[in-house]
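Below are the chains, spelled out letter by letter.
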Amino acid sequence: QVQLVESGGGLVQAGGSLRLSCAASATFLSINVMGWYRQGPGKERELVARMPSGGRTIYVEYVKGRFTISTDDAKNTMYLQMKNLKPEDTAVYYCKMLLGMRGYWGQGTQVTVSS
């Protein structure tokens, strides 16, 4: 069982920046894949970025160059640095980690970008 606790969401003006955090209760040595998803108003949950263990991070086209995943292995924490935010980035952001074949989700954190 892995628990993920997210933080860092909030209200920001277009062009601003936010950093989301996802703290895991398990060591990253046991995590196969980690990533971020989002669900905008009236939309389905969608992938934002995915980072497999030892592999190349994949970003969806509309966040490339603006969003960056990073980790602090000592703190078992994953981050999503978001810059040049746009109103269309408004969504609830979720972190997800795969341990073996089982996926675990964070509780979600709201990001609202005003125009």
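A brief report on the enclosed structure follows. These figures come from a predicted structure and were not determined experimentally.

Procedures and definitions
Residues numbered from 1 in each chain as written. Predicted model: local features only at pLDDT ≥ 70, side-chain atom pairs only at ≥ 80, totals over all residues. Heavy atoms only, no water. Helix = DSSP H or I, 4+ residues; strand = E, 2+ residues; numbered from the N terminus. Rg over C-alpha atoms; globule rule 2.2 N^0.38 Å. Buried < 20%, exposed > 50% of the residue type's maximum accessible area, 1.4 Å probe, protein only. Polar contact = N/O pair within 3.5 Å; in protein donor to acceptor, adjacent residues only side chain to side chain. Contact = heavy atoms within 4.5 Å. Salt bridge = Lys/Arg side-chain N within 4 Å of Asp/Glu carboxyl O.

Observations regarding the overall build of the protein
Along its length, the protein carries 0 helices and 11 strands. In the protein, the succession of α and β elements from N to C terminus is β-β-β-β-β-β-β-β-β-β-β. For 115 residues, the compact-globule estimate of 2.2 N^0.38 gives 13 Å, and the protein sits close to it at 13 Å. Structurally, the protein occupies a C-alpha span of about 40 × 25 × 25 Å along its principal axes. For the protein, buried positions account for 43% of its 115 residues.

Section: the side chain of Arg38
On the secondary structure map, Arg38 appears in strand S4 (residues 33–39). Of the polar contacts made by the side chain of Arg38, one reaches the side chain of Asp89; its length is 2.9 Å. Of the polar contacts made by the side chain of Arg38, one reaches the side chain of Tyr93; its length is 2.9 Å. Here Arg38 is in contact with Glu44, Arg45, Glu46, Val48, Tyr62, Val63, Phe67, Glu88, Asp89, Ala91, Val92 and Tyr93, once residues within four sequence places are set aside.

Describing the environment of Leu20
Along the chain, Leu20 turns up in strand S3 (residues 18–24). Separated by 41 residues in sequence, Leu20 and Glu61 place their C-alpha atoms 19 Å apart. With sequence-adjacent residues up to four places away left out, Leu20 is seen in contact with Ser7, Gly8, Gly9, Trp36, Met78, Tyr79, Leu80, Met82, Tyr93, Thr109 and Val111.

Some words on the pattern of salt bridges
Applying the stated criterion across every chain yields a total of 4 salt bridges. Two residues, Glu46 and Arg38, come together in a salt bridge whose shortest N-O distance is 2.9 Å. The exposure class of Glu46 is partly exposed, given its relative accessible area of 28%. Across the pair Arg66 and Asp89 runs a salt bridge, and its minimum N-O distance is 2.7 Å.

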